[in-house]
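Listed here are the chains, written in short residue letters.
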Amino acid sequence: MKYNFETVHKRFNTGSKKWDEMVAHGVKEDEDIIPFSVADMEFVTAPEIVDALKYELDHSVMGYANPTKEYQETVCAWMKKRHGWDAKPEWILPSHGVVDAFFDAVKIYTKEGEGVMLMTPVYYPMYHAVQDTNRVLVDCPLVRRGNTYEIDFDDFEKKAADENTKLLILCSPHNPCGRVWTREELEKIGNICLKHHVLVVSDEIHFDLVMPGYRHIVYASISEEFAQNCIVCTAPSKTFNLAGLQTSNIFIPNEKLRNQYLTYLKKTNPNPKCNILGYRASEAAYKYCEEWLEEAIQVIDRNRNLVKDFMAREFPQIDVIDMEATYLLWMDWGKLGLDCKELERINHEEAKLFFDEGYVFGAQGECYERWNLACPTRYVQEALDRMKEAYKNYVK
Ligand SMILES: Cc1ncc(COP(=O)(O)O)c(C=O)c1O
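The structure displayed is predicted, hence computed values, not measured ones.

What counts as what
- Numbering of residues begins from 1 in every chain and follows the order in which that chain's sequence is written.
- Where totals are concerned, whole chains, interfaces and linings use all residues; where local detail is concerned, this predicted model gives features only for residues with pLDDT of at least 70, and gives and counts side-chain atom pairs only at 80 or more.
- Side-chain calculation: all heavy atoms of the structure are included, whereas hydrogens and water are not.
- What counts as an axis is a line fitted to C-alpha atoms, over the stretch in contact for a helix, and the angles between N-to-C directions run from 0 to 180 degrees.
- Per the convention used, a helix needs a DSSP run of H or I reaching at least four residues, while a strand needs a run of E reaching at least two, with both numbered from the N terminus.
- Should the near helix be turned counterclockwise from the far one by less than a right angle, the crossing is left-handed, whereas a clockwise turn marks it as right-handed.
- Residues count as neighbours in contact if any of their non-hydrogen atoms are within 4.5 Å of one another.
- Under the grouping applied here, Gly and all other residues not named as nonpolar or charged are polar, the nonpolar ones being Ala, Val, Leu, Ile, Met, Phe, Trp, Tyr, Cys and Pro and the charged ones Asp, Glu, Lys and Arg.
- Here a residue is near a molecule or strand as soon as one of its heavy atoms is found within 4 Å of it.
- Polar contact is defined as a pair of N or O atoms within 3.5 Å, subject to the rule that within protein one atom must be able to donate a hydrogen and the other to accept it, and that residues adjacent in sequence are counted only when both atoms are side-chain atoms.
- Values of accessible area rely on a 1.4 Å probe in the Shrake-Rupley scheme; residue burial ignores everything except the protein chains shown.
- As annotated, the domain borders come from an automatic or database domain assignment.
- Buried area adds together the accessible area that both of two parts lose upon being put together, with accessible area traced by a 1.4 Å probe.
- Salt bridges are identified by distance alone: a Lys or Arg side-chain nitrogen within 4 Å of an Asp or Glu carboxyl oxygen.
- Only strands that DSSP links by at least two bridges are regarded as paired with each other.
- Residue burial is assigned from relative accessible area. The probe radius is 1.4 Å, only protein chains are included, and a residue is buried under 20% of its type maximum, exposed over 50%, and partly exposed in between.
- The score called pLDDT rates the predictor's confidence residue by residue, from a low of 0 to a high of 100.
- Note that the term roughly parallel is reserved for angles under 35 degrees, roughly antiparallel for angles over 145, roughly perpendicular for angles of 65 to 115, and oblique for everything else.
- An arc is given here, and it is the one of the directions from the helix axis to the C-beta atoms.

A.B. asks: Residue-level account of the packing of helix H3 (residues 69-83) against helix H10 (residues 276-288), with values.
C.D. replies: Two packed helices can be described by the angle between their axes and the distance between those axes. Across the interface, H3 lies against H10 with an axial gap of 9 Å and an inter-helix angle of 35 degrees. Here the hand of the crossing between H3 and H10 comes out left-handed. Residues Glu70, Tyr71, Thr74, Val75, Trp78 and Met79 of H3 form the contact with H10, whose participating residues are Tyr279, Ser282, Glu283, Tyr286 and Lys287. The residue makeup of the contact of H3 with H10, split by class, is six nonpolar, two polar and three charged.

And the structure:
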């Protein structure tokens, strides 16, 4: 490999959300253990991004920053090259993050008491965006079939047809279920939403992290009608591990919807939202780091296969859900017959494994674990060894 996917910068006492949670469970600095929870990567930053940031520090003034024309064109060039999507620079609105953006969208495009659809289990801040803003959660449970999930379109349409339902937050690719929605599925979703006047907020933050054999389709690229009835939330933050720089690109092709969003931003956030280093890092990533991304995907794919083969061999009771995209492997540990709190305890205290617990993604996630695989393979292997040892007393 050209790039380094072996070195881990230990993030003890650096303010890392993921590492702080592990330390809170008693892991000490001299233990060679990493967490597998929060969705950032244990890979060192691509050198092209580091160089761009160094240059910026030497040459820049850290004032309020708007996105430059070059930045916006670079983002659009990535959309074209990677996703075949002809996006226009003027559609882009900056946001600190995609979570901010879907919270904003719920507040801008719906009123209190109106319904917002989620396809559950799903990334847990989406529940907050609905419930903490006094909207009504319209739950469209995904259906598990074997080791994958499907949409129950009869149920989906029934929910969309309710006059009170105004918006869908689509998670595409889906976290935590790992699905890359096919064109056919997206067309069905989109046609139902158009028919029943439901606006689509498509969270596509994981869209670049697609496993070999799958292809992500940007929702707005499917048809002009779909483009006019959606906002597409993207970011380089998952793709290139830049979450701490808080720079996202929210695409709104529909001028009226875009102006509504802009008006809201001007009121709530009169100064530019993102920071200059985030823009520079993102620009360098989209311009120079595609090869880094391809290699990162190879490592994640290798880790995914390692866990899958290990579970089939050692813990056939654990169902490993097909991870078509993201680096977050969703696993059903229910057939081990242990209560979820007991699973969590064994993982933390005995196996020293720090996953995201499935129940945070909704009731269907009980006794599931979500394993972040964006790390050097040796840590995954070591974790599997610890798991085998810890569970020998619990699993027959
Ligand atoms: C589906 C999804 N949306 C949004 C985010 C976070 O977005 P941001 O950090 O840009 O707010 C995540 C992070 O894991 C995610 O999985």
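A.B. asks: I'd like to hear about the site of the ligand, residue by residue, with values.
C.D. replies: In the vicinity of the ligand, the contacting residues are Ala39, Gly97, Val98, Val99, Tyr123, Cys171, Asn175, Asp203, Ile205, His206, Lys238 and Ser248. Here an oxygen atom of the ligand sits 2.7 Å away from a polar atom, N or O, in the main chain of valine 98. Histidine 206 places a polar side-chain atom, nitrogen or oxygen, 2.7 Å from an oxygen atom of the ligand. For the ligand, whose free accessible area comes to 400 Å², the fraction covered by protein is 87%. Split by residue class, the shell around the ligand holds six nonpolar, four polar and two charged.

A.B. asks: Which residues make up the domain arrangement of the protein, and what are the values?
C.D. replies: As far as domains go, the protein holds domain 1 (17-47 + 290-391) and domain 2 (63-288). Contacts between domain 1 and domain 2 engage 31 residues on the former and 36 residues on the latter. The largest contributions to the domain 1 side of the interface with domain 2 come from Glu290, Glu324 and Phe361, which together make up 25% of the buried area. One can count six salt bridges joining domain 1 with domain 2. The shortest N-O distance in the salt bridge between glutamate 294 and arginine 82 comes to 2.8 Å. Breaking the side of domain 1 that touches domain 2 down by element, the ones donating at least two residues are helix H11 (290-314), strand E10 (319-320), strand E11 (328-332) and strand E13 (368-372). Of all the elements, H11 adds the most residues to the side of domain 1 that touches domain 2, at eight residues.

A.B. asks: Any details on the sheet that holds strand E6 (residues 165-171)? Residues and values, ideally.
C.D. replies: Pairing is mixed in the open sheet, where seven strands are placed in the order E1-E9-E8-E7-E6-E2-E3. Every other strand in the sheet has two partners, leaving strand E1 (92-95) and strand E3 (136-141) as the edge strands with one partner each. Strand-to-strand twist of the sheet, defined as the mean angle between neighbouring strand axes without regard to direction, takes the value 25 degrees. Note that strand E2 (residues 115-120) and E3 share six bridges and pair parallel. Within E3, the position partnered with methionine 117 by the bridge is valine 138. Of the strands in this sheet, E2, E3 and E6 are in contact with helix H6 (residues 153-161), which crosses E3 at around 165 degrees.

A.B. asks: Now, about unusual backbone geometry: what can you tell me, with residues and values included?
C.D. replies: For residues that are not glycine, phi is negative in most cases, and the peptide bond is trans in most cases. Here threonine 120 and proline 121 are connected by a cis peptide whose omega angle stands at 0 degrees. Within the fold, proline 121 resides in the loop between E2 and helix H5 (125-131). At the junction of serine 172 and proline 173, the peptide bond is cis and its omega measures out at -5 degrees in the coordinates. Structurally, the position occupied by proline 173 is in the loop between E6 and helix H7 (183-195). Unusually for a residue other than glycine, asparagine 13 sits at a positive phi of about 55 degrees. Of note, asparagine 13 is situated in the segment before helix H1 (17-23). Non-glycine residue cysteine 367 carries a positive phi angle of around 70 degrees. Structurally, cysteine 367 is set in the loop between strand E12 (356-357) and E13. For cysteine 367, a relative accessible area of 13% corresponds to the buried category.

A.B. asks: If you had to explain the confidence of the model for the protein to someone new, which residues and values would you point to?
C.D. replies: On average, residues of the protein carry a pLDDT of 97, and 100% of them reach 70 or more. Averaged over each element, pLDDT in the protein is lowest for H1 (94) and highest for strand E7 (residues 199-203) (99).

A.B. asks: Give a description of the packing of H11 against helix H13 (residues 377-391) that names residues and reports values.
C.D. replies: Contact geometry of H11 with H13 gives a least axis separation of 10 Å together with a crossing angle of 15 degrees. Viewed along their axes, H11 and H13 adopt a mutual orientation that is roughly parallel. Taken as a pair, H11 and H13 cross one another with a handedness that is right-handed. Residues Val299, Arg302, Asn303, Leu306, Val307, Phe310, Met311 and Glu314 of H11 lie in contact with H13, whose contacting residues are Thr377, Val380, Gln381, Leu384, Met387 and Lys388.

A.B. asks: Talk me through H6; I want residue IDs and the actual numbers.
C.D. replies: For H6, the complete set of buried residues consists of Phe153, Asp155, Phe156 and Ala160. The arc that holds every buried residue of H6, seen down its axis, measures 155 degrees, which confines them to one face. In H6, the exposed positions that point more than 90 degrees away from the buried face belong to Asp154 and Lys158. Against E2, E3, E6 and H7 lie the buried residues of H6.

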